[in-house]
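# Results of the structural survey
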Amino acid sequence: MTTPAIVSPELRAHGDPRAGERARAGDEGAWVGLWDWDVVADELYWDDGARALHGVAPGVPVTRELLLERIHPGDRERLLAAIEASVDPAARGSCEAGYRVETPAGERWIHASGRVLWSGDGAAARAVRVIGILRDDTRARAAERALAERDERLRAALHASGMGTFRWDIRTGVLEWDDGLDRLFGLEPGSTVRSLSGFLAAVHPDDRGRVADACARCAARGADFDEEFRVVWPDGTVRWLDDKGRTFTGADGEPAYMTGACMDVTGRKLAVLERERLLQAQNAAAVLARQRMAELEAFYAGAPVGLALLDRELRYVRVNEQLAAVSGLPSAAHAGLAATSMPPFDSAGLGELLRQVLETGNPVAPFPVRSVPARGGPPRTWLVTCYPVAGVDGGVARVGAVVDDISALEQASEALRQSEGRLRRILDSGIVGSFFWHVDGGITDANDAFLALLGFTRDDLRAGRLDWRRLTPPRWREQDEIQVAELLATGLHGPYEKEYLAADGTPVPVLIASAFFEGSRTEGVALCLDRTQQRRAEQALRDREHQLREALTETELARAMAESTAHHLHRQHAVTAAVAGALREEEVAGALLLHAVPLMGAQAALVLRVEAGELVCVGHTGYAESDLRHWMHYPVTLGTPAGDVADRGEPVFLENVKQWQARYPRWTAWVAAHGFVAYAGLPLRAGARVVGVMVLNFAEPRRFTAQDRETLLGMAGVGAQAFERARLYRQALDARREAEEARAAAETANQAKSAFLAAMSHDLRTPLNAITGYADLIEMGLRGPVTPEQTRDLSRIRRSTEHLLGLINDVLSFATLSAGSLTFDVRDVPLAPILADAEVMVVPQAAARGLRLAVHPSPPDALVHADADKVRQILLNLLGNAIKFTPSGGAVEVTVEVDDAAARVHVRDTGVGIPADRLGAVFEPFVQVSRADPGSGRGVGLGLAISEQLARAMGGTLSVSSTLGAGSTFTLALPLAAAADAPPA
């Protein structure tokens, strides 16, 4: 078809007597225009309102080109197609469309609606005229876009906070949730059927029973839902969720539905579990430390030698009872006394050796010490061994000593020297080995003791197989040469230790002394004492001392390690406990600084948050306010140590000024000016992301031991988890606040929309009443003779106007209800007269449609507490819908049911029914459920919405049940007069 031709108002005014009346009616509307298209003549009329909406000034000729130019290019084809479909007898499409126009004042949305007048019936029908109105829809479209944008921001806020929302219809069992809840359950949005059974199936088996019981309590008693539980994702991942829901009751006081939200609390739960694990580890370490201490005490008490532990001032830390017996004091009384003032450490030079051990960290080999016991008695000789004991930081903290009384051994040596004078008699007695030798090596004679010592016989001796040089192992020959030189010089040499090879090649330790025969320089005699047993005893003693020393060292190291482990766990526990209850980042920072500063001896410290490429200070201590003025927030890329920690995720330790100069020369002057030397920067890492940095500044050089670094990193790890939890908590609060603001804005927009509809509906009734009045005047013949065809047209105009006025009244009623300005006259009224009035008013409609109408009377004494006019309006609406949507030959039936609390009016029809998935939308405003047959009229979708709101305002309810193809039943429940007056339960 072609675009309708444009006829100017002046031409229409001269050619059509109705033109002036249409112009006056159009002038009465604000932002509303009238249009009239003569399809046969292809002429279109616009009033001034329509011209204004399109930006065409009065008097300016309106041409087809101007019309197409003003309509937005994107809407031209769609609008032309809608017009063509509306006048096509086969399609008979809706003569209603929205489009944009481009005016000098800018783009404007226009809503056009019209009524097609047909000539003829059936296939011969032909569209002859279209009359309609134009409405400025710009503000309404803008409000809808703003509302959609706010909804989008709300969904984005929920997504960013890691939350999801749900709604559970307790009565129908339908569970709805958003895409955020799909993500919390590890699902792709829309990939699964959302249902209560599906929800429970995703709950961890160990928590499923508890969660199901909580849902049952909510459904039975209306309790709120507040549970923490685990869910199992399809890939096996287990996450912790915190689910909170509020239960709402229906009009009958029973639980109707629940709404709520879910949040992922896995991080918080894992932190609690980690804390419990650390406590268990701490307890186990404490038990191990006590066990080690008990073993150490048992070793000290049972050692057969004296044991002592001295501090760096050479004061007693502890001694065992064996060493305490030397001084005559109880072992406990030695603590703090100077060891060098008490035996055996009071010997000259021993104090210097002990200090040497402390300074060098090297042990001192066993050496004899002679001293007089404090309780009197003869001087005694002790063999003292000193060794270093390492501290927690790895340096020498103490010195240990093993003291063995060798007085008996000394006495034995003295007795041996005294017995040298009796040597000859001993030789004769065979107590010791003796032999005669030649300076060249030959042994000319020997006693039995010597032969037995080396395992030779007299035959070996006589055969000349004994030679003292060949019997001497190579390593002793140099010592032999020395003794021979002394022998040649003095005629004898004193006893010295050496070895001889026995007949089987085994070395035999001996103590030997020789002398020339009187007057000889080539031959002499030698006395030989077997030292095998003594060597074994001495070696056993040395082995014993070594074992004791190693055992003592190992025990002290174990004790130091246990103390260090317990101390480290205590630090970790203190920090974990401090940040466990912190919900804000400032609280977490305060807890970290409270423990880290005194623990490490720092002069100043601060905690920074990493945010959008910047470091933002959230807590500090020890700095002057002037120092922090420029450091409350600064870029990560500024080149500071804290920036490197945030960028690389690795700690930075600077122990002295040289390290500052080597790594950060740019900041050396600033550090010197503020008196800081050592520095420690620790990353607060949440997974792979650095969320903050903890900084410690020291006024003196500081060596960061492995234990220091481990402790600081442990504190940073605990702090990072709390920091991330606080960040998520802050984001959740922000998201909740934005959601509240968005909801408030949506409510404001809805109220504005209702007020707009009320104003528009009221203003539209005036021109419609004028149209009806003028049509009546023409039909009465006051404007001249009227032909039968014109009478039929006028009748159609009146019916169309009455229908449009009814639609406007619906809009006005809905707007009045939404604005809360509709008044009610609620009183005790009988139900029977209201039903009778409604029946009388709809009987003609039912008869015209060929339907059976049956209105069963209500009990005569049934009084309801309601507004009679509003009840009548609801019943007429329900009966009108039932008649409209029931095909010819069907039935409409009205029955009344009365119980102790309410009267229920059921309006049943045998119509086409309503699809199950659309039942929830029938009471929503401006929604029309497609169930009408092709011949029924269409409204604006407000009748049921108004009826439902009227029923609710009077304390009643309006509900529906339907079966597709079998009909629908609408039930109006109203409170009885007695029930309304009864006191609340």
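Residues numbered from 1 in each chain as written. Predicted model: local features only at pLDDT ≥ 70, side-chain atom pairs only at ≥ 80, totals over all residues. Heavy atoms only, no water.

### Brief notes about the packing of aromatic side chains
Any pair of aromatic rings gets described here by the distance separating the centres and the angle formed by the planes. For clarity, the threshold we go by: Between rings of Phe, Tyr and Trp, where Trp is taken as its six-membered ring, a pair exists when centres lie within 6.5 Å; planes separated by under 30 degrees are stacked, by over 60 edge-to-face, and by other angles tilted. Secondary structure is summarised from DSSP: a helix means a run of H or I of at least four residues, a strand means a run of E of at least two, and numbering begins at the N terminus for each. For the exposure calls, accessible area comes from a 1.4 Å probe over protein chains only, and a residue counts as buried if that area is under 20% of its type's maximum, exposed if over 50%, partly exposed in between.
Counted under the stated rule, the structure contains 19 aromatic pairs. Centroid distance tyrosine 316 to phenylalanine 345: 6.3 Å. Interplanar angle 65°. Geometry classified as edge-to-face. With tyrosine 316 in strand β13 (residues 316-319) and phenylalanine 345 in the loop between α11 (321-327) and α12 (350-360), this residue pair connects regions lying 29 residues apart in the sequence. Arranged with centres 4.9 Å apart and planes meeting at 85°, the rings of tryptophan 631 and tyrosine 634 form a pair that is edge-to-face. Assigned by exposure class, tryptophan 631 and tyrosine 634 land together as buried. Here the aromatic residues Trp177, Phe185, Phe199 and Phe229 are joined through ring pairs into a cluster of three or more.

### Focus on the packing of helix α27 (residues 868-884) against helix α28 (residues 943-953)
What counts here: Here, axes are lines fitted to C-alpha atoms. For helices the fit covers the stretch in contact, and angles between N-to-C directions go from 0 to 180 degrees. What makes a crossing left-handed is the near helix being turned counterclockwise from the far one by less than a right angle; a clockwise turn instead makes it right-handed. Throughout, a contact is declared for two residues whenever any of their heavy atoms are within 4.5 Å. Each residue is assigned to one of three groups, with Ala, Val, Leu, Ile, Met, Phe, Trp, Tyr, Cys and Pro labelled nonpolar, Asp, Glu, Lys and Arg labelled charged, and all others, Gly among them, labelled polar.
It is the contact of α27 with α28, at a shortest axis distance of 10 Å, that shows an interaxial angle of 145°. You can see that α27 and α28 cross each other, and the crossing is left-handed. Contacts between α27 and α28 involve Lys870, Gln873, Ile874, Asn877, Leu878 and Asn881 from the former and Gly943, Leu944, Ile946, Ser947, Leu950 and Ala951 from the latter. Tallied by class, residues from the contact of α27 with α28 come to six nonpolar, five polar and one charged.

### A word on the side chain of arginine 872
Quick note on the threshold: Polar contacts, as counted here, are pairs of nitrogen or oxygen atoms within 3.5 Å of one another; within protein the pair requires one atom able to donate a hydrogen and one able to accept it, and residues that are adjacent in sequence qualify only if both atoms are side-chain atoms.
Here arginine 872 lies in helix α27. A distance of 2.9 Å separates the side chain of arginine 872 from the side chain of aspartate 869, its partner in a polar contact. Arginine 872 has contacts with Ile834 and Asp837, leaving out every residue within four places of it along the chain.

### A closer look at the sheet that holds strand β8 (residues 175-177)
Quick reminder of the rule: Paired strands, in this sense, are two strands between which DSSP finds at least two bridges.
Read across the sheet, five strands follow the order β8-β7-β11-β10-β9 without closing on themselves; strand pairing throughout is antiparallel. For this open sheet the edge positions go to β8 and β9 (225-232), each flanked by a neighbour on one side alone. Across the sheet, the mean angle separating the axes of adjacent strands is 25° when strand polarity is ignored. As paired elements, strand β10 (residues 238-249) and strand β11 (residues 255-264) share nine bridges and run antiparallel to each other. Residue pairing in the sheet places lysine 244 in a bridge with alanine 261 of β11. Contacting β7 (163-169), β9, β10 and β11, helix α9 (residues 205-221) crosses the sheet at an angle of about 145° to β9. Strand contacts of helix α10 (residues 266-302): β9, β10 and β11, with the helix running at about 125° to β10, the strand carrying the most contacts.

### Structural notes on the nonpolar core
We apply this condition: Here, the term nonpolar core denotes a set of buried Ala, Val, Leu, Ile, Met, Phe, Trp, Tyr and Cys residues that are joined through side-chain atoms within 4.5 Å.
Residues Leu835, Val871, Leu875, Val905 and Leu972 are the most contacted members of the largest nonpolar core, which totals 38 residues. Of all the elements in the fold, those that place two or more residues in this core are α26 (831-849), β30 (863-866), α27, β31 (891-898), β32 (902-909), α28 and β34 (967-975). Looking at this core element by element, the count peaks at seven residues for α27. One finds Ala678, Leu682, Leu696 and Phe723 within the second-largest nonpolar core, a separate group that totals 29 residues.

### Regarding the confidence of the model for the chain
Going by this rule: Confidence scores here are pLDDT values: one per residue, from the predictor, ranging 0 to 100.
Taken over all residues, the pLDDT of the chain has a mean of 81, while the share at 70 or more is 84%. Across the chain, strand β25 (residues 652-654) holds the top mean pLDDT of 94, while helix α1 (residues 9-15) sits lowest at 40. Within the model, pLDDT remains below 50 along residues 931-937, and this stretch shows 14 contacts once partners closer than five positions in the same chain are excluded.

### Some thoughts on unusual backbone geometry
For the peptide bond that leads from proline 343 to proline 344, omega is 0°, which places it in the cis range. Summarising the element assignment, proline 344 is placed in the loop between α11 and α12. The backbone phi angle of leucine 314 is positive, close to 60°, even though this residue is not glycine. The class for leucine 314 is buried, based on a relative accessible area of 2%.

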